[in-house]
Amino acid sequence: MTRYEQLAGAIRQQIEDDIWQVGDKLPSLRESVKSSGLSLMTVLQAYQLLESQGWIVARPQSGYYVATRLTQFAAAKGGKGLHLSENVEISASIFDVLQACKDPKIVPFGSAFPDPSLLNEPKLSKILASVARRFVPHSSLESLPPGNEKLRRNISRRYAAHGIHVSPEEIVITAGAMESLSFSLQSVTSPGDWVVIESPAFYGALQAIERLRLKAIAIKTDPRTGIDLDALEEIVQKYPIKACWLMSRFQNPLCNTMPSENKQRLVAILNSSHIALIEDDVYGELYFDQEPPMPIKAWDKENNFMHCSSFSKCLAPGYRVGWVAAGKHAGKIQQLQMMSTVSASAPTQLAVAEYLAHGGYDNHLRRLRRQLEQRQSQILRAISEYFPDSVKVNSARGGYFLWLEFEPPFNANRLYQLALAKGISIAPGSMFSTSSQFDHAFRLNTSFAWNDVQASAMKTLAGLCHTLLRECG
Ligand SMILES: Cc1ncc(COP(=O)(O)O)c(C=O)c1O
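Residues numbered from 1 in each chain as written. Predicted model: local features only at pLDDT ≥ 70, side-chain atom pairs only at ≥ 80, totals over all residues. Heavy atoms only, no water.

Chemist: Whenever I open this one, helix α3 (residues 40-52) confuses me. Can you help?
Modeler: With 13 residues, α3 should cover 18 Å at 1.5 Å per step; its first-to-last C-alpha distance of 18 Å lies within 8% of that length. Every buried residue of α3 is accounted for by T42, V43, A46, Y47, L49, L50 and S52. Residues of α3 that are buried in the fold lie against α1 (3-16), α2 (29-36), β1 (56-59), β2 (63-66) and α14 (361-386). Positive phi appears at G54, one or two residues downstream of α3, with a value of about 85°. (Helix = DSSP H or I, 4+ residues; strand = E, 2+ residues; numbered from the N terminus. Expected span 1.5 Å × (residues − 1). Buried < 20%, exposed > 50% of the residue type's maximum accessible area, 1.4 Å probe, protein only. Contact = heavy atoms within 4.5 Å.)

Next comes the structure, spelled out in structure tokens:
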């Protein structure tokens, strides 16, 4: 982390801890230079970063103030927030929301995909074309489970670059992360078993649990710190939990990242009860700071954690290439794959393997992260300008989602219907839970380029929120 990011992080923490409250004037640049011992440029960059994230605003000739509009989430207090589902049935409305995102005429704030124009990597297309020309039937055999060896070795090197030891033998290549997650869950459960998930959770987790006829315990997940570990500790004493499925980096939909101390405590809780972890980490590469936060897999000493990811969100959504670093479950997962989809597509495995070796993936990722950060700032500014003051926003240093909440009885399902009628999609909170506890919240995709259409859609959405709040009284 650079010095200015460290300073920005420290001030952000002070705002979160209420040391600086909404409307307070922050120390002037000169005062901050004096107290921190940093250069004027470093302090200015820190203030500008906080401004771009919506934490503070600059008032000409006056200084920087804690932003009044965007209420950040305070740490959740009290209440276990548990939700037990013996029969997980996820609403068919999810498919309607996903369907709406496919219509190019709809402004896709509800989409789970990044702006496709960000993933237009001509080098990858060229490599795929060349792979296809050279492709012979024998090449398919090399891609059978556990998957293309060169690809597994390159993925393994990417873990090593962050100090995480994952051998190519424990990696299984799959058709996207959804498949790796599903097989991981299936490898450690039988129908009727209990699984812990987050609340709110990625709807894919709910769908997988429904399909495998498992029982779910959803544990309250804090928009800042992640799953409630006190509640988890109690639950693992009371229920024979087989697996815990969660996201520790840029969670979908909250976009929060668990602090490292929480990750370590989670590892201790799971290991003490021999519970397998299924870590969904599809947004892990999309961090904005200099260094990424670590996945929980980094602390896995017992090889009982399955770290699932893919290239769908950061390189090639349609290629359907994902993987799981499966530890001791790698063999079982290969068997499950052989019994269902057999393998991920051979030409796309080969193309991604080649691209990772020669294509400049890290340059592409650096550019992508910068663009996502800029686009997030733009949407945060628009929210701060147009939305009702009572909105709470969870922004993060990575990913491309914002989680917004109003006080109940605000109804985001109704907002979804009204917005869709005006050609705008959002992802209502109800998609991320089997209960109605997130009906007052929604998720926005911030990855799309800011233009007149986006600006006008944000104003319309804000107008609808004002109307709905008035109706709530
Ligand atoms: C949290 C999360 N996990 C997994 C997936 C699925 O990833 P893939 O497209 O690689 O299957 C998604 C896609 O939206 C996601 O948001």
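Chemist: How should the side chain of N262 be read in this particular structure?
Modeler: Topologically, N262 is positioned in helix α11 (residues 260-272). Under the relative-accessibility criterion, N262 is labelled buried at 18%. Those residues within four positions of N262 in sequence are excluded, and the remaining contacts are T225 and L229.

Chemist: Teacher, can you tell me more about the packing of aromatic side chains here?
Modeler: Note on aromatic pairs: each is described by the distance of the centres and the angle between the planes. Inspection of the entire model under this criterion finds 13 aromatic pairs. The interplanar angle of 70° and the centroid separation of 5.9 Å between the aromatic rings of Y355 and Y361 together place this pair among those described as edge-to-face. Pairwise contacts between aromatic rings join F202, Y203, W403, F432 and F438 into one cluster. Of note, R369 hangs over the ring of Y287, and the distance from its end group to the ring centre comes to 4.0 Å. Between the NZ or CZ atom of R443 and the centre of the ring of F401, over which it lies, the distance is 4.0 Å. (Phe/Tyr/Trp six-rings, centres within 6.5 Å; stacked < 30°, edge-to-face > 60°. Lys NZ or Arg CZ within 6 Å of the ring centre and 35° of its normal.)

Chemist: What is the right way to look at the packing of helix α15 (residues 412-421) against helix α16 (residues 452-472) in this model?
Modeler: The packing of two helices is summarised by the inter-axis angle and the distance between the axes. At a minimum axis distance of 10 Å, the contact between α15 and α16 shows a crossing angle of 135°. In this view, α15 runs oblique relative to α16, as classed from their interaxial angle. In this structure, α15 crosses over α16, and the sense of that crossing is right-handed. On α16, the residues that touch R414, L415, L418 and A419 of α15 are L461, L464, C465, L468 and E471. Across the contact of α15 with α16, the residue classes break down as 7 nonpolar, no polar and 2 charged. (Axes fitted to C-alpha atoms, helices over the stretch in contact; angles between N-to-C directions. Parallel < 35°, antiparallel > 145°, perpendicular 65-115°, else oblique. Left-handed = near helix turned anticlockwise from the far one by under 90°. Nonpolar A, V, L, I, M, F, W, Y, C, P; charged D, E, K, R; others polar.)

Chemist: Teacher, can you tell me more about the site of the ligand here?
Modeler: Neighbouring residues of the ligand: 15 residues in total, closest D280, Y283, S310, S312 and K313. For the ligand, whose unbound accessible area comes to 400 Å², protein coverage reaches 94%. Ranked by residues supplied to the shell around the ligand, first place goes to helix α8 (residues 176-187) with 4 residues. Taken together, the residues of the shell around the ligand break down into 8 nonpolar, 4 polar and 3 charged. (Near = heavy atom within 4 Å. Areas by Shrake-Rupley, 256 points an atom, 1.4 Å probe, with all protein chains shown as cover.)

Chemist: What should I look at first to understand the sheet that holds strand β16 (residues 427-428) in this one?
Modeler: Remark on secondary structure: sheet strands pair via backbone hydrogen bonds, oriented parallel or antiparallel. Strands sit in the order β13-β14-β17-β16 across an open sheet of 4 strands; the sheet is antiparallel. Here the strands that pair on one side only, and so sit at the sheet edges, are β13 (392-394) and β16. In this sheet, strand β17 (residues 441-445) lies alongside β16 in antiparallel orientation, the contact comprising 2 bridges. Bridging across to β17, A427 finds its partner in R443. Strand contacts of α14: β13, β14 (401-405) and β17, with the helix running at about 20° to β14, the strand carrying the most contacts. (Pairing = 2+ DSSP bridges.)

Chemist: Help me understand α15, please; the structure alone is not making it clear to me.
Modeler: Side chains that are three or four residues apart share a direction in an α-helix, a result of its 3.6 residues per turn. Residues A412, L415, Y416 and A419 constitute the buried set of α15. The arc that holds every buried residue of α15, seen down its axis, measures 105°, which confines them to one face. Buried-residue contacts for α15 involve α4 (93-100), β15 (424-425), β16, β17 and α16. Between the side-chain oxygen at the start of α15 and the backbone nitrogen of N413 there is a gap of 2.8 Å, and the oxygen is on N411. In the stretch just after α15, G423 is the one whose phi turns positive, near 80°. (Arc of directions from axis to C-beta. Polar contact = N/O pair within 3.5 Å; in protein donor to acceptor, adjacent residues only side chain to side chain.)

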